[in-house]
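# Commentary on secondary and tertiary structure
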Amino acid sequence: MVGFPQDPAALYRQIRESLRDRESREEFVMPASYMFHDVPASHLADEADPVALVLGEMDRHGVEIALVSLSANTEAAERALTEHPGRFVGSWSCDPNRGMEGIRALVRAHEQWGVRAVSLFPHGVLPQVAIDAPQMYPIYAKCVELGIPVFVTVGIAGPRVPSMVQHVELVDRVMYDFPELVFVMRHGAEPWTDLAVKLMIKWPNLYYSTSAFSPRYYPADIIDYANTRGADRILYGGYFPMGLSLDRIMTELAQLPLKEDVWPKFLRENAARVLGLADGK
């Protein structure tokens, strides 16, 4: 998971409409600046070629393929997918409040760009939409029909907005109603990581991505699960340049206590399989 440098004011315009505290609205570079103090995007927004910059960072750190969103800085993402199809795959962010208009947009993106995943941010749309809300179900159904996974933000939201729409327990009902759906929990699942693990044991198509966390703060429940029966369920997820630099991520990854046989699955094989890439096992 990577993004392209752009003006944070544009990137976070929608979520800022939900913020109420003065610090978040007037002082924060990004909505969760109390957690991310040195946001790379704020330093890189004026770079002449965001695609070249991201490719350079990927090459420098040995990242072969990145998942990019077609809803944020779409021009750069479209150019990346067009000019470097072997290095980038696309994800489409859906707003469940758009109803069938949003479903048709997803289908067009799948046909035009071959998007490999859908992203949902229950806390980040206005009004908020819970993980198990009726508005979400047409999106889940379309993902099953298209054969692509859905990545959903779960747990306490980083921005200072209500978070109960992302309670991990809501995933249980969705997995029951859509047993064919490949569902990837994103952005932490805290403080319900033990429940996230319990649900992954229960549901065979449920996964977890480490996006939006620096490796030194990966939840212990997730590391323990990856090192035991969950080696096939935990996917590496980045956060460059939205909140973390690849320099920091890769430096801290070296200290991560994963077993030797887990690393290839965590860094490559699990994501390749979930996203339908050629070398997924």
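Definitions and cut-offs
Residues numbered from 1 in each chain as written. Predicted model: local features only at pLDDT ≥ 70, side-chain atom pairs only at ≥ 80, totals over all residues. Heavy atoms only, no water. Helix = DSSP H or I, 4+ residues; strand = E, 2+ residues; numbered from the N terminus. Rg over C-alpha atoms; globule rule 2.2 N^0.38 Å. Buried < 20%, exposed > 50% of the residue type's maximum accessible area, 1.4 Å probe, protein only. Contact = heavy atoms within 4.5 Å. Lys, Arg positive; Asp, Glu negative; His and termini not counted. Charge placed at Lys NZ, Arg CZ, Asp CG, Glu CD. Polar contact = N/O pair within 3.5 Å; in protein donor to acceptor, adjacent residues only side chain to side chain. Salt bridge = Lys/Arg side-chain N within 4 Å of Asp/Glu carboxyl O.

- Labelled according to an unreviewed UniProt entry, the chain appears under the name Amidohydrolase, originating from Parafrankia colletiae.

### Quick word on the overall build of the chain
- Each helix and strand in the chain was counted, giving 13 helices and seven strands.
- Its C-alpha atoms give the chain a radius of gyration of 18 Å, within 12% of the compact-globule value 19 Å for 281 residues.
- Structurally, the chain occupies a C-alpha span of about 45 × 45 × 40 Å along its principal axes.
- When burial is assessed residue by residue, the chain has 54% of its 281 residues classed as buried.
- At a minimum sequence separation of 6, the contacts of the chain that also span at least 24 residues come to 71%.
- When the 27 basic and 36 acidic side-chain charges of the chain are each reduced to a single mean position, those positions are 4 Å apart.

### Considering the side chain of Ser214
- Looking at the secondary structure, you find Ser214 in the loop between strand S6 (206–209) and helix H11 (220–226).
- One polar contact links Ser214 to Arg248, side chain to side chain, over a distance of 3.3 Å.
- Looking at Ser214, its side chain comes within polar contact range of the side chain of Glu252, at 3.4 Å.
- What Ser214 contacts, discounting residues up to four positions off in sequence, is Leu244, Arg248 and Glu252.

### Topic: the pattern of salt bridges
- In this structure the tally under the stated criterion is 17 salt bridges.
- Its salt-bridge partner being Arg22, residue Glu27 comes within 2.4 Å of it at the nearest N-O pair.
- With a relative accessible area of 48%, Arg22 lands in the partly exposed category.
- In this structure, Arg173 and Asp177 form a salt bridge, with 3.1 Å as the shortest nitrogen-oxygen distance. Pair noted here: Arg173 and Asp177 are both in helix H9 (residues 170–177), with a separation of four residues, about one helical turn.
- Here Arg173 falls in the partly exposed class, since its relative accessible area comes to 47%.
- Assessed through its relative accessible area of 29%, Asp177 is described here as partly exposed.

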